[in-house]
2 protein chains.
Amino acid sequence: MRTITAPDLEDIAFGAAVLGTGGGGDPYIGKLLARGAVEAHGPVTLLSLEELPDDAHVITCGAMGAPTIVLEKVPSGEEMLMAMRHYEAMTGKTVTAIMPFEAGGLNSCLPIVLAAQTGLPLVDADGMGRAFPQLEMETFNVYGVSASPVAMADEKGNLALVETDSAAKAEFMARGICIRMGGQANLVNYPMDGRTAKRVSVPATMSLAQDIGRVVREARSAKREPTEALIEFLGTTHYGFARRIGSGKITDIARKVENGWSVGVVSIAPFEEGLPYVIRIQNENLVVEQGGHVLAVVPDLICLLDVDTAEPIPTERLRYGQRVDIIGIRVPPIMRTPEALAVFGPKAFGLMAAYQPLGITAA
Amino acid sequence: MRTITAPDLEDIAFGAAVLGTGGGGDPYIGKLLARGAVEAHGPVTLLSLEELPDDAHVITCGAMGAPTIVLEKVPSGEEMLMAMRHYEAMTGKTVTAIMPFEAGGLNSCLPIVLAAQTGLPLVDADGMGRAFPQLEMETFNVYGVSASPVAMADEKGNLALVETDSAAKAEFMARGICIRMGGQANLVNYPMDGRTAKRVSVPATMSLAQDIGRVVREARSAKREPTEALIEFLGTTHYGFARRIGSGKITDIARKVENGWSVGVVSIAPFEEGLPYVIRIQNENLVVEQGGHVLAVVPDLICLLDVDTAEPIPTERLRYGQRVDIIGIRVPPIMRTPEALAVFGPKAFGLMAAYQPLGITAA
């Protein structure tokens, strides 16, 4: 059992933003909200999946919407609590543990806020092992947990509940509500017991986020190249592999809000000779190509880090002229099964590329 | 206390379609569904507002969406029951009486279906005294009843619940869900007790629908001009006034599905000399003008009836060449107060026209 205290939040928000692979919401806002909650309510207990009681009633939570909107419609920190209370009121069930539904700068921090507010333990795991733009793209769904009911709240206290027999349909309907809530909403979904959570979750992603933050911070202190340190560290984790795909300067960024997502294309001119790297975005970085050749693709993580500080840059903060390292991180095995790839592999995003896990040579 | 049996449904569907003022859903589909339910489950008890127990737990119900879509996505008759069961499951309350939220060809019949299925009494009243395109346009809302929770179901068993502090916001969110349910959804909303229902409802609209149907049927049998008989009869009801605004042939109909509604404009060339009548539609007929002069406008009813049979033609069945009488019907006093006009008068539809009740000379 670990405890999350205020000083931990800097590392967690940093590492979660790396795992957010461009999405998952702004880490700065996430960190401020989590710090406010932990300072007001005290530290949060972080349970590993092993420590989670089998009979726990776990809900997962996070924000849904276009990350570009979060920058202007900043959460107060009360919305998720309203969503959870609505879930409890509607189902008559009592939540006993909280899990993030994804890893990301904002979406790893909002569950910390909720855990602090309620005094409930936080589970050191999530359902994406990264951020994905759609709520059916969860290992929970892949391995048989229903997304429903989905309880939703916005900052004005508007509440909604969605119940469907498919996670994809729940996504479609919740996205419609999210758009009508102003393009950003707070969700509680995928209720499950502790025994199930152990089977279907990507383990240890909150502590991984914290470790990522720590490794980069220590490398900076030691005057070591932080991105190198990060890549080396990731090779030792259950994710197992990371590499620098390339480095360059952002020369173009086209981005818009469409159907409730931030979608766009980023072009990055390499520092060395060569064709530009082109990254397609749907909230998160989905695929990076060079000259039509796929260098990395979902579900593997594609992270844009500032070349000097290794600071992860969310897609909504990408700007012309930024100098970035493009880092690819392989997802852990639970996210690379055929059934997982059917839900969040390239085809699920309409991409033609075949998935070839980073660091593994094609047979 | 009255009873609705299968032979009554012809008159009810006919009259409800007149009250639907072009909207409220297709009466033929409504009649078939109601007949099937009454034949399977037995007759329905119709309670006047006076007969309704003060402590009754009343919900109101109906279909939401574009009537054009109902013609292709015909309800099975089970959807409203799913919505009501969802309402009960989520709130823990037990419904004891059912009221239509509007009068209309489909939406007066679906509550009959639900009453037959559940064995619950139907309340002889509704919240619009006609059909309106938006769910905040209810006397329930005008006189202080919350629209929430709004329970929704579609034909695939997808369920949703919306809870807001304003009926307009509930409309906005429910419309978003409705669109994602395929443009047509089934709603249970405006829960209230019997005492409240007596205060906030437009009374006796189900029996009025049946009387309208009977009057027209009897006029036809007596070889009397049915529209004349209808107008004369309406003058004796609590609506108090109706008149023939004009007659002509439909020369143009522009119609599309937009934001979840059927919207359009109909042009009718008068049989006599004169400029065309122009009717604006948002599911229902909103305003009829001639040469820029307003002849009738919401909330008063504008009904297009076949010149020979007095059959009401819903907006989704309007076609080039149809020969129609344009009938205006004044709404009862509960719908003409300043607070009512603020919610469903011309301005609420973005219309510039001032409301002048039909049959009442401007002061």
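Residues numbered from 1 in each chain as written. Chains lettered and ligands numbered in written order. Predicted model: local features only at pLDDT ≥ 70, side-chain atom pairs only at ≥ 80, totals over all residues.

Turning next to the overall build of chain A. Across its full length, chain A holds 11 helices and 17 strands. Over its C-alpha trace chain A gives a radius of gyration of 19 Å, about what one expects of a compact globule, namely 21 Å for 363 residues. Considering only C-alpha atoms, chain A reaches an extent of 60 × 40 × 40 Å along its principal axes. Taking as baseline every contact in chain A between residues at least 6 positions apart, the subset at least 24 positions apart corresponds to 76%. (Helix = DSSP H or I, 4+ residues; strand = E, 2+ residues; numbered from the N terminus. Rg over C-alpha atoms; globule rule 2.2 N^0.38 Å. Contact = placed C-beta atoms within 7 Å.)

Turning our attention to the relation of the copies chain B and chain A. What connects the two chain copies is a rotation about an axis and a shift along it. Screw-axis analysis of chain B against chain A gives a translation of 0.0 Å along the axis, an RMSD of 0.0 Å, and a rotation angle of 180°. Classification of the inter-copy transformation places it as that of a two-fold axis. Most of the interface of chain B is mirrored in chain A: 100% of its interface residues are interface residues there too. (Least-squares fit on C-alpha atoms with pLDDT ≥ 70 in both.)

On to the environment of A:Val216. Residue and element names in this part refer to chain A. Of note, Val216 is situated in helix α9 (residues 205-221). For the pair Val216 and Phe233, spaced 17 residues apart in the sequence, the C-alpha separation amounts to 9.5 Å. Beyond its immediate sequence surroundings of up to four residues, Val216 is in contact with Phe14, Pro226, Ala229, Leu230 and Ala310.

In this section: the sheet that holds strand β14 (residues 284-290) of chain A. Strand-to-strand pairing in sheets goes through backbone hydrogen bonds, with the strands running parallel or antiparallel. Residues and elements named next belong to chain A. Read from one edge to the other, the open sheet built from 7 strands follows the order β15-β14-β13-β12-β11-β17-β16, with strand pairing classed as antiparallel. Only two strands of the sheet have a single partner each, and these edge strands are β15 (293-297) and β16 (301-306). Strand-to-strand, the axes of this sheet are offset by a mean angle of 35°, without reference to chain direction. Contacting β11 (242-258), β16 and β17 (323-329), helix α10 (residues 226-234) crosses the sheet at an angle of about 100° to β11. (Pairing = 2+ DSSP bridges. Axes fitted to C-alpha atoms, helices over the stretch in contact; angles between N-to-C directions.)

Another point: the sheet that holds strand β15 (residues 293-297) of chain B. Residue and element names in this part refer to chain B. Across the sheet, 7 strands lie side by side as β15-β14-β13-β12-β11-β17-β16; this open sheet has antiparallel pairing. The two strands at the open ends of the sheet, each matched to only one other strand, are β15 and β16 (301-306). For this sheet, the mean angle separating the axes of adjacent strands, direction not counted, is 35°. Relative to strand β13 (residues 277-282), strand β12 (residues 261-270) runs antiparallel, the two being bridged by 6 bridges. Within β13, the residue paired with Val266 across the bridge is Ile279. Lying on the sheet, helix α10 (residues 226-234) is in contact with β11 (242-258), β16 and β17 (323-329); it crosses β11 at an angle near 100°.

Okay, the interface of chain B and chain A next. Contacts between the two partners involve 17 residues from chain B, matched on the other side by 17 residues from chain A. Broken down by secondary-structure element, the contributors of at least two residues to the side of chain B that touches chain A are β8 (159-163) and α7 (167-180) of chain B. The greatest single-element share of the side of chain B that touches chain A, amounting to 7 residues, is contributed by α7(B). Judged from the 5 bridges that link them, strand β8 (residues 159-163) of chain A and β8(B) form a sheet pairing that is antiparallel.

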